[in-house]
Structures are given as structure tokens and as C-alpha cells.
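Inside the fold
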Amino acid sequence: MSIGQTFLGLLESSPRHGYDLKRAYDERFGRSRPLHFGQVYATLSRLLKNGLVEVDGVEPGGGPERKRYAITDAGVTDVSRWLAQPEKPEPYLQSTLYAKVVLALMTGRPAADLLDSQRAEHLRLMRELTRRKVDGDLAEQLICDHALFHLEADLRWLELTAARLDDLAKEVTA
Amino acid sequence: MRGLTDLLMGARLAFAGGRDGWTRTVLTAIGVGIGVAMLLLAAAVPAALDARTARGDARDPRGGQELAAGPATLLVAGADTEFRGVPVRGVVLRPEGLRAPVPPGLAALPRAGEVAVSPALRDVLESGDGPLFAPRLGGARVVGTIADEGLAGPRELAFYLGSDTLSGERAKRVDGFGTSVPSEGFGPVLMLLVVIIFVVLLLPIAVFLGAAVRFGGERRDRRMAAFRLVGADRRTTRRIAAGEAAAAALLGVAVGGVLFALGRQLVPLVTLWDLSVFAADVRPGRTAVLVITLAVPALAVVVSMVALRGVVFEPLGVVRRATGARRRLWWRLILPLLGLALLFPLFGNVRTATADSRYQVAAGAVLLLIGAVTLLPWLIDLVVRRMRGGAVPWQLAVRRLQVDSATSARLVNGIAVAVAGTIGLQMLFAGVQNEYRHDTGADPGRARAYVHVPPAGGIDAVARLAATPGVTRASGTLQADATPAGTPDRIVEVYIGDCAALAELAYVDGCGDGDVFVSNEEVAVGDRLSFGAQGPQWTVPVAARRVQVRLDPVGWTRRGVLATPAALDAGRLGPLTAGVYVRTDSTDPDAIERVRNAAAAVTPLAYVSEVSETEEARRFTNIRRGLYIGAVVTLLLVGASLLVGVLEQLRERRRLLAMLVAVGTRRGTLAWSVVWQTVVPVLLGLVLAVGFGLALGAALLRMVSVTISVSWDVVGLSVALAAAVMAAVTLLSLPPLWRLMRPDGLRTE
Amino acid sequence: MSGRAERALLVADDLRKSFGATPALDGASMEVDAGEVVAVMGPSGSGKSTLLHCLAGIVPPDSGRVCYDGREVSRMGDAERSALRRSQFGFVFQFGQLVPELTCLENVALPLRLERTRRRVAERRAAEWLERLEVGDVAAKRPGEVSGGQGQRVAVARALVTAPKVIFADEPTGALDSRGGERVMRLLTAAARETRAAVVLVTHEARVAAYSDREVVVRDGRTRDLARAAS
């Protein structure tokens, strides 16, 4: 996730201090991984340098942390462009799992067991996410669902691969 | 053009729709076939009766002016009798020359001492009963059988007896056979009966036809949905469905033709109301055949279109339009009221009505009976709407009926119509039967039979009859016609017999031999009576007592002069007719046949009539039994269609049934719910049927001016028959239900 | 293994079942403890539903044993199994499980009434369950008049109304969209945990299976009990 554009988006609704920005970000998007202050100020200075934000005012008392930042017109344009542009779907063409399966088959190890234990691991995580989801609010639910759908996709791949192991073994060992 | 293609497409589907399509087509075809065969049979009845009448006319002696004896004349006398309640046509023949005419069906005239018999009579003679009939032929040798063209029907009992003693006075002189006298046709009451019989037996068939073309509708619906999926529009699917229905119905017409042809061969084996019919005579008219062939497929198409009215084929399935609308009463009442309105003008005067009124009767009866059909869904709704609670099976059944009463009502329609019709018809019969009994006024307690012995029979007829085994008493009078002097136009009957015999004709208290009584006000003491133009004369003695006439055992009033043998010597009056009342041992059913034999031995021209009250009742009982059989056959047909309908409904709910069993529902619970689901509409249908049947019966009785009396045994029997058929259907539907409740039903997807 | 089996509420041991020549189950074994939610997963045609039918005593297996609470279900007669299903088990299927003519309330009350509970009592309990499953407002409607999700929740209420020990759910969300499916699963598992009912959940969807405590995978009629294999 692009922290810079997310900051710009947060600043567009109202100017904020650096500390407020971090708190807003963590609350909405960073539940599992809060930002470091270092990351916050590095990003803000980059945005400042590129003319996307400006210092709106300085609270008395000095120090970098007391600056209030506001978005510039160029910044608004940048946010619009970012939101309008679809994310590139990740193709996942380089899969560790696939490599493991092929290697297991090539070395005569039980590939089915590998798939099964991976599947159990996936489901374990899905259960945990489901539990969080059931107890959480809407934001939590959406975030968990996003992960769940991805994990489910992996699981489907595992199922399909398991069903085709015999064919794959033939190709790999041929 | 598109339309035609669609229709043909549907027709092809009827035969090429896989096993499902086939089953449906075959079921429909068999159902329609049975219906068509019945319709053809009904249509053939008038022709069969006409053919019968035509042959009857052809064999009657030609009428006309008095003939002189000549080489081409024949003396003919009737010698009709009865055997075990079946009429026997007997004819005594005496040719007067070599060119004497031969009646139809005979190769040659039997000579004296010879007899030609019908095949059925030959069977009787050759059976164990033969000796009980043979004496009536006077020991004549059977020389031939009467061919079909000389018989009214295949089971007719008839004989032509040769004679060389038949005299011109007692016989008719003819020079040929065949009359063109128009027959009187059915009397108005009989006409009414026939019309009602047709309506009552055919209406359920029509309902059955309607049900038959709906067989397998569920699967057809799914097929149509598949057509929509591949791009057919609604009108196209409708046309395809129409083509399919028409094709199945056409096949049904063919099946019906075959069934009719086969069934026709069985017709000669049946005798109803002493009528039997040759297979060759069972020939429906060309118009009737044309109408049936066109109308049945047309009906099939109409019914399937009507059935599709509430169904919308969508590409992904079949949508049934909700039947939430409250059923309105008023239009449902219009039909039966219209029927009553048609019948009402005929009340009391059907006996004098014209032949055209039969259409009015038929239309009225049909409309009235259809009222039972139109009111049924409304009644089911009315009764079931507010029902709640009860045990689980009851709740399931009631709720189902609340959601869809039309389907159940449709299943019960046939039963309702059949029962209503049967009740109406049987009521008419019971009423008319009573009327006949009252009319005869006969008293079987006083005599079992009346034997009429034509002159030349001999004075000893009474003695010979009395000596017959099984006869407990015979009393008879000799009867002579006399003319009072001075009034040549008047005829006075004179009865000569002993006091016991005279007591049957009048209240002759204190009678002794030598007494004379007068029961005719027009005769006075001292009147001079002459017997025949040049015949002997006799004066009514002054001592003759005036007495009150008494109904004789046959129910007739015989007024006249009653004389004991000592008062008037019958011997000097020449040959006289004898009338003998015979009482027989009631435990000996053959006694009456021996009486007939004895009478025939006196003279073949003697006629024995059984005292009629029991006789008429028996005939009516026979025909009523026949009608009950007809009703049972109809009910079985209707029951078969009901069974198919119930099974289809069950199959449709197969998944639900399996699911209910899976959650632990007792099979008995479900079976009971199916039972209730059938029983409730049937009960309501029967209630309506009884109501409409009684209404029809009452209307019919009013038409023939007979006091309305409800014969509850008729109602009971009709309802019991219907209930039995229903019970059978329900029982038969249980094994398939059990099969459908297996958990396999869960694995449909 | 044996220790667990003794404690387990429901045990299936080496079940085999064929329909005609096709084997549906070919040596399937699993256990269900009281109060746990077990997902039975596997590709379509793997025999999941047949396994559920055998466990629930709907279909007797050709060979193998099913024991519930120490009683051998696979040896019971039809009437006895029927009574067991009625009193101890609850069922949720994919679709078509509600009697279309009865109102939703009557549908939910039906299992109680089959157990001869008086109608008023049965319907009051049914109404409570409809409220708990957030479909109190459809009580008077017929199943054809409610949405798929509402219908499934009514079905869940029906499964729970007899306070069963085991609920068998066969693709309970199969006919629903994700959101409706999630809601049904959330309510079903919450209610089951609350009433300490075990759930046997047949599904091919991982997200639905994620509501379970553990899963059993069926493949070609055989089970692979992963959690057990691991522990």
C-alpha cells in the first residue's frame, strides 16, 4: 500500500499534524502493522519536496512534530489519479507452493501430504480470521474478508492441484 | 407457417421425447382411447336400436286388407311366451299353398310337427333347462335355426312352429312379410331415461378425457422450460405444447377405434333389458365418428391450453401463477341455475313434450351436473380456509388444500359428476318404478299368473292347469261376448265359472251354484243377451243379484254378467275363451314354466302372463343393476385418472417427502397427510354430488309428475361405490408413496 | 485414537456404501465430539453428503459402524433411526427443505409437533427461535414469500428448535450469496455453541468451513482427518 497517497487522501479531508496522520492511518488501515514515526516523517518530507503538501502552520513551541500539513492542488490531482487508476492484479506466477510440490514429486516425497498440511495451515488461519471477523466491526469484517477470499483462492488451487497430482507427477518425472 | 412448424415439432416430441415423453403420450393415449371407445359405443346405440327395429319390422306379417286363401298365402299366429323371465317370440305358421311366403331368417317353412328355433333358444333346448321348455313346442322336431336377419338380437329367444291345424279365425292370413308402419319410438318417459342415461354415463367420460390429456403435465412443463432456454418464445412453446397434446390425443383416437372394434365383439354376449345386439349393428354414424375424431383432439388442445393459463414457462423453470384470488361464487352458480331453468319448463309436461325437448333435457342435465364441478373448488376453499391446527398430518393436508384447492378439486371432479348423475338417474328410476307398480294394481298374493286360452282350447283348460305340478290353485272362467237385444252396438261380457272363480271378479257373497250376478250397471235383470249374430240367446234371470265389481288379481276391472255353470250351460255357447288365474308354490321357481307348458299343451296360442308387479320390478332391478355396473366402470375410469393425478402430485414433491423423512418424520404421518389430502376433497365432492344428484333427481321426477321421494339407499349405494373407489385409489397410492419417501430423493442434484 | 473415540458423541468407523455399482463411501471414518463444529470438505462427488446421510442415520451403510452416544445407529431399525433423527438431530439442507404450504412459524414448529408437543407450546418456542435467528418478521409468511437467506435462517431455526445434540448441515449456504451465507453461518454456529450442539457441516467452500473447529476431508469416498493425523 502506498503510504504517500494514503496520507494525501487523509490530508484532503482536513490539514493534520504528523502525529494525527499516523493515528488516523493506524486506526483505519494499519491494525496489524502500525507505522513508525520515522516512516511518517520520511514520507511527509518526500511529499513536501515534491510539492504535494505544504506546511499549513506551526504550533508554538517549535520542533518538527508540531508542524501542521495541508494538501496542495498538485497533491489533490495526485490523489485523484491514484484512486482512478486500477491496481494491477498480482499474477502470483512465482509460487513457492508450486515449487515445493514439483520438488516433492521430483524427489519422490509425498506431495499429497505437503498439500494437505498446507491446506490445514490455510484453514487454521482462515478460522482465526473468521473468529476475528465475527467479533469485529464492519471495517474489521471487510479486512478479514479480503484476506479470507485470498486464502480461499489458494485453497482452491490446493484442491485442484491435489486432484491433478498424478498427471503432474507424470509430467515432472518424464 | 411458423405456427404449423411448431405444432409439428410438438407432435414429434410426443413420440420422440425420450422415455418420459413416451410414458406421457401412452398414458394420455390410453386414457383418451378409453374415452373415445365409450363415446363411439354411445354413438352406436341409436343405430343399433334402429337396425333392431328394422329387422323387427321386416319380419312382421304384412298388413293390409283381408285376403282370401290362395296358393301364396300363409296363416300366421302369435304364440309368444316367456322363459325364466325372458320373452320368447313364438310364431305358428301354416302355409295355404306352395308359394306361401317365408319369413326372413328361414330357409323354408317348417312343416307340421317341425320347428325352427333361434340359436339362443337352441342353446336353451340343449341345456339342462331344455325339458322345461320343450313341451311348449308340442314335441315338434327342430329342423333348423333362424338366421341373423330374422332375429332382433343375437340372444333373442324365438321359434317358428309349423302347423296343419291352424284355422283362419285364430290366425292372420298374409302374403308376405315386412311392414312399413312407422314404429312409435320411445315413449316420453323412456326417452327421458335414455337421454339421462347418456348424460350420466358420458359426462364423467368427458371429465375423464379432460384429465387424461393432462397426464404427465409436470414433465412437459419442464421440457417447455428447456425450449425457452434455447430461445423459443412463449407463443412458440404454447404451440409446441398444443401440438404435443393433439398428437397424443390423435393416437388416443386411434387406440379408441381399436378398443371399440374389440369391445364391439363382446357386445353380443351382453343382454340388457331383454335386448341383445349384433356386433355388426354396433355401428356409429359417420357424423358421430367425424365429430368424435375431430372434437377429442380439439378438446385435448383446449384443455392443455386452459391448463397452461396459470403457467409461465421461463427459461430457468416453470412458474405457476399464484392462485391467491378469492373464488367467487356467483358465476359458479350460473351454470347449475341455467340447467334448472332449462329443466323447469318441462316440469309436469314431459309426457306431452315434443321430441326436441330431449336436447333441452340433455343440456339442462349437463349444466346442472357441471354445477357440481364448478362449485367444488369454491366449496373446498370455503371449508378449508378457516381451518387451523389439528394433528400434523391434518395440518399438512389442510395447508396444502388452502394453497391449491384447484388441483385436488380437479382430481375429484369426475367422481362428483359420476355420483351426482347416478343418484339423479337412480332416483328417476326408483320413482318411475314405483309408478309402474301402482299402475298395475296387481296382487301377486292372489295369483301368480293369468292364462289366456283362446277359444277351442277346451273347457278342461282349468282342470289341466290345476293338475300341473307346482300349481296350488287354479280358478278360471269361460268368457263370452254378448249383445243385449235391441242394442247391437253394445257388447256385454259374460263370465261363467264356479263361485270361487267368480269371487275373483266381484264381491259375490253367499254364492251358490245356480246363482247369477251383475256387476255392470248397463245390464238389467231380464235383459235378453244374444251370443253372436245367429248364436244362442239367454235371458238374465230375475233372481240375478247386482254386486260390486272387484279388481281381479291382475288388476283389471271386469264388469259384466257372472253366471255359475248351473245357471248358464257354457256348452251350448260354442267355443269360448278361458281366463285362468293360477297360484303356484312360491318355493318352486319352475312352476310358472310348467304352467306355460301346460297352457301350450292346451293350445300353442294360449298366452301366460305373470302377474306383473314383481315382473316390472324385476325388469327395473335388472336395468338399475346394469346402470350401477356402468357407474362402477365409470368410477373405475375416473379412479384410474385420479390415481395418475395423485402419483404425479407425489412425484412432484419427492424431494420434500424425502427431506421430511430425513428430519425424522414418521412415514405414517406423511401417509396420513396424503390420505387426508384426498379424503377431504372427496368428502366435499360427495356432499356436492349428493346435493346435485338429489336436485337432478327431483327435477326429473317433477318432469314425469311423480311425487318426489328421496331413496336413501340409492344415495347410500352411490356414495359407497364412490368411497370404495376412492379407498382403492388411496391404498394403491401408498406403495409408491413409500418408495418416494426413501432418502434417495435427497440426492436429486 | 481409541481414547478419543470413546469420548466422542458420534463415531463413524470404516463406512462403505455403494449406489448401484458406484461406490460413494469407501472406508470413511470420523468422530464428532459434543459441542464441536466439524467441517466435512471435499470436491463434489467425493461422498461428503453420503457420509452425512450415514452419520445421521438417514441411510444405513453397507458395512462399517455408526455409533451415537454409545448406541449403534447402523444396527437400528427404520423407526428407531427415525425417532433418533427426530429427537437428537437437527437438519439444514441446501434448499427445498421447508414445506411450502406451511407458514415459516409452522415449519419451525413442525419437528416439535412431530414429537407430539402441543401446538401452542411448539409455536411459541418456534417464534423465539425465529427471533434469535433474526427472522421474527417472516413468521406468518410462507417459504415462497421470503428471500433465500431468510428461508435458510428459518431452516436453521427449525433445526435448532428441538434442542438437538447434533446439527447436520449439508451445504447450508450453497444457494446463497456470500453475505447471506456468512450471516447464516454466523447465526448457526453461534446458536450451536450456545446450546452446546455439535455441528456436522458438509461444504465445499473453505470460507464456510472456516466457521468450524476442525475439518475432515473426503476424497474418493475416503476420509483424511488432518487435525488427528497431525496431533
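Residues numbered from 1 in each chain as written. Chains lettered and ligands numbered in written order. Predicted model: local features only at pLDDT ≥ 70, side-chain atom pairs only at ≥ 80, totals over all residues. Heavy atoms only, no water.

Per an unreviewed UniProt entry, chain C carries the name ABC transporter ATP-binding protein and comes from Phytohabitans maris.

By the naming in an unreviewed UniProt entry, chain B goes by FtsX-like permease family protein and is assigned to Phytohabitans maris.

1. What to know about the packing of helix α9 (residues 330-343) of chain B against helix α10 (residues 357-385) of chain B
All names here are of chain B. Contact geometry of α9 with α10 gives a least axis separation of 7 Å together with a crossing angle of 160 degrees. As summarised for this structure, α9 and α10 are arranged roughly antiparallel, according to the angle between their axes. For the pair α9 and α10, the crossing hand works out as left-handed. Within the contact of α9 with α10, the residues separate by chemical class into 17 nonpolar, five polar and one charged. (Axes fitted to C-alpha atoms, helices over the stretch in contact; angles between N-to-C directions. Helix = DSSP H or I, 4+ residues; strand = E, 2+ residues; numbered from the N terminus. Parallel < 35°, antiparallel > 145°, perpendicular 65-115°, else oblique. Left-handed = near helix turned anticlockwise from the far one by under 90°. Nonpolar A, V, L, I, M, F, W, Y, C, P; charged D, E, K, R; others polar.)

2. Comments concerning the packing of helix α11 (residues 392-403) of chain B against helix α18 (residues 667-703) of chain B
Residues and elements named next belong to chain B. Closest axis-to-axis distance for the α11/α18 pair is 8 Å, and the angle between their directions is 45 degrees. When the axis of α11 is compared with that of α18, the two are oblique. When you trace α11 past α18, the crossing you get is right-handed. On the side of α11, the interface is formed by V392, P393, W394, L396, A397, R400 and L401, while α18 contributes T669, L670, W672, S673, W676, Q677, V680 and P681. Looking at the contact of α11 with α18, its residues break down into eleven nonpolar, three polar and one charged. (Contact = heavy atoms within 4.5 Å.)

3. Some remarks on the pattern of salt bridges
Counted by the stated rule, this structure contains 41 salt bridges over all chains. Close ionic contact of D116 of chain A with R219 of chain C constitutes a salt bridge, the shortest N to O distance being 3.8 Å. Residue D116 of chain A is located in helix α6 (residues 111-135), and its partner R219 of chain C is located in strand β9 (residues 214-219); the two belong to separate chains. A single burial state applies to D116 of chain A and to R219 of chain C, both of which are buried. R16 of chain C is the salt-bridge partner of D26 of chain C, the closest N and O atoms lying 2.8 Å from each other. Taken together, the positions of D26 of chain C in strand β2 (residues 22-32) and R16 of chain C in strand β1 (residues 10-19) put the pair ten residues apart, joining distant regions of the chain. In this structure D26 of chain C comes out as partly exposed when scored by relative accessible area, which is 27%. Here the salt bridges do not stand alone but share partners, grouping K133, D145, E152 and R156 of chain A together with E182, E205 and R207 of chain C into one network. (Salt bridge = Lys/Arg side-chain N within 4 Å of Asp/Glu carboxyl O. Buried < 20%, exposed > 50% of the residue type's maximum accessible area, 1.4 Å probe, protein only.)

4. Looking at the interface of chain C and chain A
Each partner contributes to the interface: chain C provides 19 residues, whereas chain A provides 18 residues. When chain C packs against chain A, the two sides together hide about 1500 Å² of surface, and 54% of this comes from carbon and sulfur. Together, R207, A210 and R219 of chain C form the three largest contributors to the area buried by chain C at its contact with chain A, with a combined 33%. Our count for the chain C to chain A interface comes out at four salt bridges. Our enumeration of links across chain C and chain A arrives at five residue pairs in polar contact (both at pLDDT 80 or more). If you list the elements that add at least two residues to the side of chain C that touches chain A, you get α7 (178-194), α8 (206-209) and β9 of chain C. Top element by residues in the side of chain C that touches chain A is β9 of chain C. It accounts for four residues. Residue composition of the side of chain C that touches chain A, grouped by class: eight nonpolar, two polar and nine charged. (Buried area = accessible area lost by both parts, 1.4 Å probe. Polar contact = N/O pair within 3.5 Å; in protein donor to acceptor, adjacent residues only side chain to side chain.)

5. Topic: the packing of aromatic side chains
Scanning the entire structure with this criterion turns up twelve aromatic pairs over all chains. Ring centres of F91 of chain C and F168 of chain C lie 5.6 Å apart, and the angle between their planes is 20 degrees; this geometry places the pair in the stacked category. With F91 of chain C in strand β6 (residues 89-92) and F168 of chain C in strand β7 (residues 166-170), this pair connects stretches of sequence that are 77 residues apart. Here F91 of chain C falls in the buried class, since its relative accessible area comes to 2%. Taken together, Y68, F89, F91, F93 and F168 of chain C form an aromatic cluster joined through their ring pairs. Lying across the ring of F37 of chain A, K22 of chain A places its NZ or CZ 5.4 Å from the centre. (Phe/Tyr/Trp six-rings, centres within 6.5 Å; stacked < 30°, edge-to-face > 60°. Lys NZ or Arg CZ within 6 Å of the ring centre and 35° of its normal.)

6. Observations regarding the side chain of R85 of chain C
Among the structural elements, R85 of chain C can be located in helix α3 (residues 78-88). Despite its burial, R85 of chain C pairs with no opposite charge; the closest candidate is D78 of chain C, at 5.2 Å N-O. Reaching out from R85 of chain C, the side chain makes a polar contact with the backbone oxygen of G57 of chain C at a distance of 2.6 Å. Residues within four places of R85 of chain C in sequence aside, it is in contact with V661, A662, V663 and G664 of chain B together with A56, G57, I58 and F91 of chain C. (Lys, Arg positive; Asp, Glu negative; His and termini not counted.)

7. Details of a positive patch on the surface
A contiguous patch of positive charge, built from R651, R654, R739 and R742 of chain B, is present on the exposed surface. Position of R651 of chain B relative to the elements: it lies in helix α16 (residues 612-652). (Patch = residues over 30% accessible without salt bridge, like charges linked within 9 Å, V, L, I, M, F, W, Y side chains within 5 Å. Areas by Shrake-Rupley, 256 points an atom, 1.4 Å probe, with all protein chains shown as cover. Charge placed at Lys NZ, Arg CZ, Asp CG, Glu CD.)

8. Things to note about unusual backbone geometry
Of all residues except glycine, most have a negative phi; of all peptide bonds, most are trans. All names here are of chain C. Although it is not a glycine, A163 adopts a positive phi angle of roughly 50 degrees. You can see A163 is positioned in the loop between α6 (148-160) and β7. Positioned with a positive phi, E171 is a non-glycine residue whose angle comes to about 45 degrees. Along the chain, E171 turns up in the loop between β7 and α7. Classification of E171 as buried rests on a relative accessible area of 9%.

9. Topic: the nonpolar core
Core analysis: the biggest nonpolar cluster contains 122 residues, and I196 and L428 of chain B together with M30, L51 and F168 of chain C have the highest contact counts within it. Of the residues forming this core, the biggest block, 17 residues, is contributed by α18 of chain B. In terms of domain composition, this core takes at least three residues from each of domain 1 (1-57 + 187-319) and domain 3 (322-440 + 613-749) of chain B. Excluding its chain neighbours within four sequence positions, the residues that come into contact with L51 of chain C are L15, L25, A28, M30, V40, V218 and T223 of chain C. By size, the runner-up hydrophobic cluster in this structure holds 38 residues, among which are V108, L130, M185 and V199 of chain C. (Core = buried A, V, L, I, M, F, W, Y, C linked by side-chain atoms within 4.5 Å. Domains from an automatic or database assignment.)

10. Things to note about the sheet that holds β1 of chain C
All names here are of chain C. With antiparallel pairing, four strands are arranged side by side in an open sheet as β2-β1-β4-β5. Strands at the two margins of the open sheet, each flanked by one partner only, are β2 and β5 (71-72). Here β1 pairs with β2 via eight bridges, running antiparallel. Across the sheet, the residue bridging to R16 is D26, located in β2. Along the sheet face, helix α2 (residues 48-55) touches β1, β2 and β4 (63-68) and points at about 60 degrees away from the line of β2. (Pairing = 2+ DSSP bridges.)

11. Concerning the state of the cysteines
All names here are of chain B. Here the structure, examined in full by the defined rule, presents one disulfide over all chains. Residue C499 pairs covalently with C511 via a disulfide, S to S 1.9 Å. In this structure, the disulfide formed by C499 and C511 twists by about -70 degrees around the S-S bond and is classed as left-handed. With C499 in helix α14 (residues 499-502) and C511 in the loop between α14 and β13 (516-518), the pair connects residues that are twelve residues apart, well separated along the chain. For C499, a relative accessible area of 22% gives the class partly exposed. Overall, the relative accessible area of 22% leaves C511 in the partly exposed class. (Disulfide = S-S within 2.5 Å.)

12. Section: the side chain of H122 of chain A
Note on placement: H122 of chain A falls in helix α6. On the basis of relative accessibility, which here comes to 8%, the residue H122 of chain A falls in the buried class.

13. Description of helix α5 (residues 96-106) of chain A
All names here are of chain A. Those residues of α5 lying buried are L97, V101, V102, A104 and L105. Angular distribution of buried residues about the axis of α5 spans 160 degrees; they occupy a single face of the element. In α5, those exposed residues whose orientation departs by more than 90 degrees from the buried face are T96, L103 and M106. Looking at the packing, one finds that the buried side of α5 touches α6, α7 (138-163) and α8 (165-173). Where α5 terminates, the next one or two residues include G108, which has phi positive at roughly 75 degrees. (Arc of directions from axis to C-beta.)

14. What about the sheet that holds strand β10 (residues 222-224) of chain C?
All names here are of chain C. Taken in spatial order, the six strands make up an open sheet running β6-β7-β8-β3-β9-β10, and their pairing is mixed. Across the chains shown, the open sheet's two edge strands, defined by having one partner strand only, are β6 and β10. Direction aside, neighbouring strands of the sheet carry axes that sit 20 degrees apart on average. For β7 and strand β8 (residues 198-202), the ladder comprises five bridges, and the chain directions are parallel. Following the sheet pairing, A169 is matched in β8 by L201.

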